[in-house]
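Read off the chains here:
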Amino acid sequence: MNINVVFLLVQIGLIPTIISLIKLFNGEKFYITFYLYIIVSYLIEVITNRLINAGYFNVANIIVNVYFLLEFTILILLIGKIIGHKRINKIIILTSIVFWVIENTLLHKIQEAEKYFNILSAIILFCHIIFALILNLNKNYSSFFKEGNIVIMLSLLYNLSFRIVFEFLYYNYNGNTQIIDSIGNINILVNFSTNILFIYCLSCIKNTKKLISSF
């Protein structure tokens, strides 16, 4: 898929980004990590896309590698806030930072593509979200697909499940250009649809200020 076409598809992320900024400015703080995740993800997609378009592949790889660690940290904090396990979060985050540093200094250079951290972090996040989802299912929400916690976790699971599969295929069929190109194109469409899901997620997040003022 042409890099400029990809850039246009990435712009769907501008909508949830704007909504997230509005919610932040309105004082919505419970899902602040989710808002930051959406905003940072959009900015990284735009920046790396333009760097690749200009031929700065090493710089793009460095930014993406740093983003993987930042994304993992933000999502762990988000899920941790939902289920209230702050101590476990600190252990997971510190361990992941150590592993990330080892991979990007000893196993390969930081300007090279991630080999292990991306897939490992995706698996950890997937399992962590499944656990959080099970805990939240016990709360008997009257409107299952309108509850912020639920729809956020389902959207993240949707994206992570594809990432895990894509990473497995990538490392097993790295020499097959046709398969790699197909994986890349499908991944772009998955990210596009994930942003649409994020728009719905944001619409499900209730205005806490209005709720408080109504009592």
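Parameters at a glance
- Residues numbered from 1 in each chain as written.
- Predicted model: local features only at pLDDT ≥ 70, side-chain atom pairs only at ≥ 80, totals over all residues.
- Heavy atoms only, no water.
- Helix = DSSP H or I, 4+ residues; strand = E, 2+ residues; numbered from the N terminus.
- Rg over C-alpha atoms; globule rule 2.2 N^0.38 Å.
- Buried < 20%, exposed > 50% of the residue type's maximum accessible area, 1.4 Å probe, protein only.
- Areas by Shrake-Rupley, 256 points an atom, 1.4 Å probe, with all protein chains shown as cover.
- Lys, Arg positive; Asp, Glu negative; His and termini not counted.
- Charge placed at Lys NZ, Arg CZ, Asp CG, Glu CD.
- Phe/Tyr/Trp six-rings, centres within 6.5 Å; stacked < 30°, edge-to-face > 60°.
- Lys NZ or Arg CZ within 6 Å of the ring centre and 35° of its normal.
- Core = buried A, V, L, I, M, F, W, Y, C linked by side-chain atoms within 4.5 Å.
- Contact = heavy atoms within 4.5 Å.

Student: So, the overall build of the protein chain: which residues are in play, and what are the values?
Tutor: Looking only at helices and strands, the protein chain has nine helices and zero strands in total. Its helices and strands in sequence order give the protein chain the pattern α-α-α-α-α-α-α-α-α, from N to C terminus. The C-alpha radius of gyration of the protein chain comes to 18 Å, within 12% of the 17 Å expected for a compact globule of 215 residues. Expressed as lengths along the three principal axes of its C-alpha atoms, the size of the protein chain is roughly 60 × 35 × 25 Å. Every one of the 215 residues in the protein chain was classed for burial, and the buried ones make up 40%. Accessible area of the protein chain: about 11,900 Å², with a carbon and sulfur share of 70%. Averaging the positions of the 15 positive and the 9 negative side-chain charges in the protein chain gives two centres separated by 15 Å.

Student: I'd love a proper account of the packing of aromatic side chains, names of residues and values included.
Tutor: Evaluation of the coordinates by the stated rule reveals eight aromatic pairs. With 6.3 Å between their ring centres and 45° between their planes, Tyr67 and Phe68 make a pair best called tilted. Judged by relative accessible area, Phe68 falls into the buried class, the value being 13%. When the ring centre of Phe7 is taken as origin, the NZ or CZ atom of Arg50, which lies over that ring, is 4.2 Å away.

Student: So what about the nonpolar core? Which residues, and what values?
Tutor: Across soluble globular proteins, nonpolar side chains show a tendency to be buried alongside one another. By size, the foremost hydrophobic cluster in this structure holds 38 residues, and its most contacted members are Phe34, Tyr37, Leu78, Ile79, Ile152 and Leu156. If you list the elements that add at least two residues to this core, you get helix H3 (32-53), helix H4 (57-83), helix H5 (86-107), helix H6 (117-137), helix H7 (148-172) and helix H8 (177-204). For this core, the element with the highest residue contribution is H4, accounting for 11 residues. In this structure Ile152 touches Tyr31, Phe34, Leu78, Cys201 and Ile205, once residues within four positions along its chain are discounted. Judged by nonpolar contacts, the second largest core, of five residues, contains Val6, Tyr42, Val46 and Ile188.

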